[in-house]
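This is what each chain is made of:
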Amino acid sequence: MKLAEISRKHDIIVHYNEQTVYRLVFMFAAIHYTTPKCSLFRTKGVLYRLTYELDARQRQANIVLQLSRNARLMEFVLDLSFLVIGLPLASRLQFALVHESVLDRGTASHVLVDLLCLFAWFCALVVSAEYQSKRRSRFWDDFWVVIRTNAFACLLFGAMAYTLKVMDISRLFIVFYCALMCLLMLVSRWITRLGLYAIRYSQWDMRSYIVVGDTEAAHRYLAQIDHYRRMGIRILGYLSERRGALNVPYLGAPDQLEKVLADVSCDGVVIALPLSDPNIQPVLNVCECLGKSVELVLDAFSSRITQSAVHQGPLTSSLVLSSIPHTPAAAFVKRLTDIVVSSLALVLLSPLFLIVAATIRLADGGPVIFRQQRVGLHNKPFWMLKFRSMREDAESMQALLMERNEMSGPVFKMTDDPRVTRIGRFIRRTSIDELPQLLNVLRGEMSLVGPRPPLPTEVSHYQAVHRRRLSVKPGLTCLWQVSGRNNIDFERWMDLDLLYIDNWSYLRDWAIIAKTIPAVLRRTGAR
């Protein structure tokens, strides 16, 4: 008798621990084969033991499943309790650390402050907090939700206190209360996550899926499920034209999906087919008809699409795909950082600008600023600014020096360039000549961190894969600057730029800026 038939016949829930289910199967087999040879008393004992274990496991499974399924509700209840117990804890913490007492408890002013705190944080929990599933999310997602929620609560509290003219407020108390709420919420989410991981590692609260396709994406998906067992996902089998392509049971061809879903109990279907595969639409139709959730595993081509957004039009809807990991919020923060940092840098470095400008002017009487057309975001040209470090006829002389080019690819670099002036050699080695590009950053043509802006002649020789570096704004510094600059070849340079684009994050930008300073001081790769 098949395991699925036994489980359905005896109402064994599918969330049992696999080892326990197999033990029960063996006990069924023992009853079947030993009853003719054993006494009725022994048979009844085996049946009683089987029934008792089934009932015990059923009760245990129900408890575990209720805890797992109500984890998000428990988190919300814990957060509400933290709002209440956090008030006296923050008062005691403030007095213990700074020996400063807040308002006397029970007074009208103190009660009003407490009520404002409770209302502000409750509204923040309802509006901003996300009690998302722990099956696929990460603790890092919980961290940002907690920070965002408490920041919103502080702003709301400040707005209400200002509106109601509440003056008797200890700012230090609000700081302690906010910090305490962040800590308690993070700890509760971490403990909840560990508990759910333990449940799913023990094969409880599993989600069952069927895979359609046997592509490389399907192999990666199965490897991910096997590695991250805490996700609690079980693959029942796969459908494909080929048998034995994956290390899970073969269930048939993709056109048999409707029959398979009628016979097998599962939570959803995973489509691991290329986007151009004609089987995708029939599979989607079957899943929609049967009410099954669908998960589309991106193939080698579509996996480069890192961001997407659905735009609802008056007549049609469209899916906008992006090949860079910049969300609108992240792009806004990056641009805001560019404006603030470039403005401060221009003010602070203005004395240095004057000294360099005067030195260049006195050296040969030529212009101070060198304007050169470069290619920026989405292949749009702009005028990049630099302190002039070469002769005025430097661009016309480059064709005569191409035989001495030391870089591979379309880029021109040489160690002892005869076009460089005496003062220019110093400002190039110290990268002072690049500082006027802070104006380009302020105007939005460049960013603080990004691939260096290429020349139009260089772009004309780019291969298709190299043009993806034009999908982001060029920058003052990037991985190329902190990895050796001119000491690495052209292909490695392009690889570093694409690596930056594919793995962009706001904190990574600051890490590159921090590495740029010692790289400039060491003059590594500067020519």
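First things first, this report covers the structure right here in the doc.

Concerning helix 10 (residues 280–290)
Point 1. Buried within helix 10 we find Ile280, Val283, Val286 and Cys287. Axial view of helix 10: buried residues confined to an arc of 130°, hence all on one face. Turned more than 90 degrees away from the buried face of helix 10, the exposed residues are Glu288 and Cys289.
Point 2. Where helix 10 is buried, its residues contact strand 1 (207–212), helix 9 (257–263), strand 4 (268–271) and strand 5 (293–296).
Point 3. Looking at the residues trailing helix 10, positive phi occurs at Gly291, about 75°.

Focus: the nonpolar core
Point 1. By size, the foremost hydrophobic cluster in this structure holds 37 residues, and its most contacted members are Val356, Phe387, Ile427, Ile432 and Tyr500.
Point 2. Secondary structure elements with two or more residues in this core: helix 11 (328–348), helix 12 (350–364), strand 9 (381–387), helix 15 (437–442), strand 10 (447–449), helix 17 (479–482) and helix 18 (490–502).
Point 3. Broken down by element, this core gets its largest block of residues, seven residues, from helix 18.
Point 4. For Val356, the residues in contact, after removing those within four places along its chain, are Phe387, Ile427 and Ile432.
Point 5. In this structure, Ala129, Ala153, Cys182 and Leu184 belong to the second largest nonpolar core, which totals 30 residues.

Some details on the pattern of salt bridges
Point 1. Taken as a whole and judged by the stated rule, the model has twelve salt bridges.
Point 2. Ionic pairing is found between Arg242 and Asp214, a salt bridge with its closest N-O pair at 2.8 Å. Pair noted here: Arg242 is in the loop between strand 2 (233–239) and strand 3 (250–252) and Asp214 is in the loop between strand 1 and helix 8 (216–227), with a separation of 28 residues, a long-range link.
Point 3. Between Asp502 and Arg468 there is a salt bridge, with the nearest N and O atoms lying 2.7 Å from each other. Here Asp502, found in helix 18, pairs with Arg468, found in the loop between helix 16 (456–459) and strand 11 (475–477); they are 34 residues apart in sequence, far enough to count as distant.
Point 4. Residue Asp502 is classed as partly exposed on the basis of its relative accessible area of 36%.
Point 5. Because the salt bridges share partners, they merge into one network encompassing Lys386, Asp433, Glu434 and Arg452.

So, the environment of Tyr201
Point 1. Among the secondary structure elements, Tyr201 is positioned in helix 7 (residues 171–201).
Point 2. In this structure Tyr201 comes out as partly exposed when scored by relative accessible area, which is 38%.
Point 3. In this structure the C-alpha to C-alpha distance between Tyr201 and Tyr228, which are 27 residues apart in sequence, comes to 9.3 Å.
Point 4. Here Tyr201 is in contact with Arg229 and Arg230, once residues within four sequence places are set aside.

A look at the packing of aromatic side chains
Point 1. All told, the structure shown has ten aromatic pairs when counted by the stated rule.
Point 2. With 5.1 Å between their ring centres and 75° between their planes, Phe139 and Trp190 make a pair best called edge-to-face. On the criterion of sequence distance, the pair formed by Phe139 in helix 6 (residues 139–163) and Trp190 in helix 7 is long-range, its members being 51 residues apart.
Point 3. Ring geometry for Trp140 versus Phe143: centroids 5.4 Å apart, planes at 15°, classification stacked. Of this pair, Trp140 and Phe143 both sit in helix 6, separated by three residues, roughly a single helical turn.
Point 4. Each member of the aromatic cluster is reached from another via a ring pair, and the members are Trp121, Phe173 and Tyr177.
Point 5. Looking at Lys165, its charged tip hangs above the ring of Tyr162, at a distance of 5.2 Å from the centre.
Point 6. When the ring centre of Trp383 is taken as reference, the NZ or CZ atom of Arg371 above it lies at 4.5 Å.

A look at helix 11
Point 1. The end-to-end C-alpha distance of helix 11 is 30 Å, a good match for the 30 Å that 21 residues give at a rise of 1.5 Å each.
Point 2. Along helix 11, the residues that are buried comprise Ala330, Lys334, Thr337, Asp338, Ser342, Ala345 and Leu346. Buried positions in helix 11, seen along its axis, are confined to an arc of 145° and lie on one side of it. Relative to its buried face, helix 11 has exposed residues pointing more than 90 degrees away, namely Pro328, Ala329, Phe332, Leu344 and Val347.
Point 3. Each element contacted by the buried residues of helix 11 is listed here: helix 12, helix 15, strand 10, helix 18 and helix 19 (506–522).

Regarding the sheet that holds strand 2
Point 1. In space, the five strands of this open sheet follow the order 3-2-1-4-5, with parallel pairing throughout. Both outer strands of the open sheet, strand 3 and strand 5, are each paired with one neighbouring strand and no more. The mean inter-strand angle of the sheet, taken between neighbouring strand axes irrespective of direction, is 35°.
Point 2. Most of the contacts of helix 8 go to strand 2, to which it runs at about 155°, and overall it touches strand 1, strand 2, strand 4 and strand 5.
Point 3. The strands that helix 10 touches are strand 1, strand 4 and strand 5; relative to strand 4, the one it contacts most, it runs at about 170°.

Cut-offs used in this document
- Residues numbered from 1 in each chain as written.
- Predicted model: local features only at pLDDT ≥ 70, side-chain atom pairs only at ≥ 80, totals over all residues.
- Heavy atoms only, no water.
- Buried < 20%, exposed > 50% of the residue type's maximum accessible area, 1.4 Å probe, protein only.
- Helix = DSSP H or I, 4+ residues; strand = E, 2+ residues; numbered from the N terminus.
- Arc of directions from axis to C-beta.
- Contact = heavy atoms within 4.5 Å.
- Core = buried A, V, L, I, M, F, W, Y, C linked by side-chain atoms within 4.5 Å.
- Salt bridge = Lys/Arg side-chain N within 4 Å of Asp/Glu carboxyl O.
- Phe/Tyr/Trp six-rings, centres within 6.5 Å; stacked < 30°, edge-to-face > 60°.
- Lys NZ or Arg CZ within 6 Å of the ring centre and 35° of its normal.
- Expected span 1.5 Å × (residues − 1).
- Pairing = 2+ DSSP bridges.
- Axes fitted to C-alpha atoms, helices over the stretch in contact; angles between N-to-C directions.

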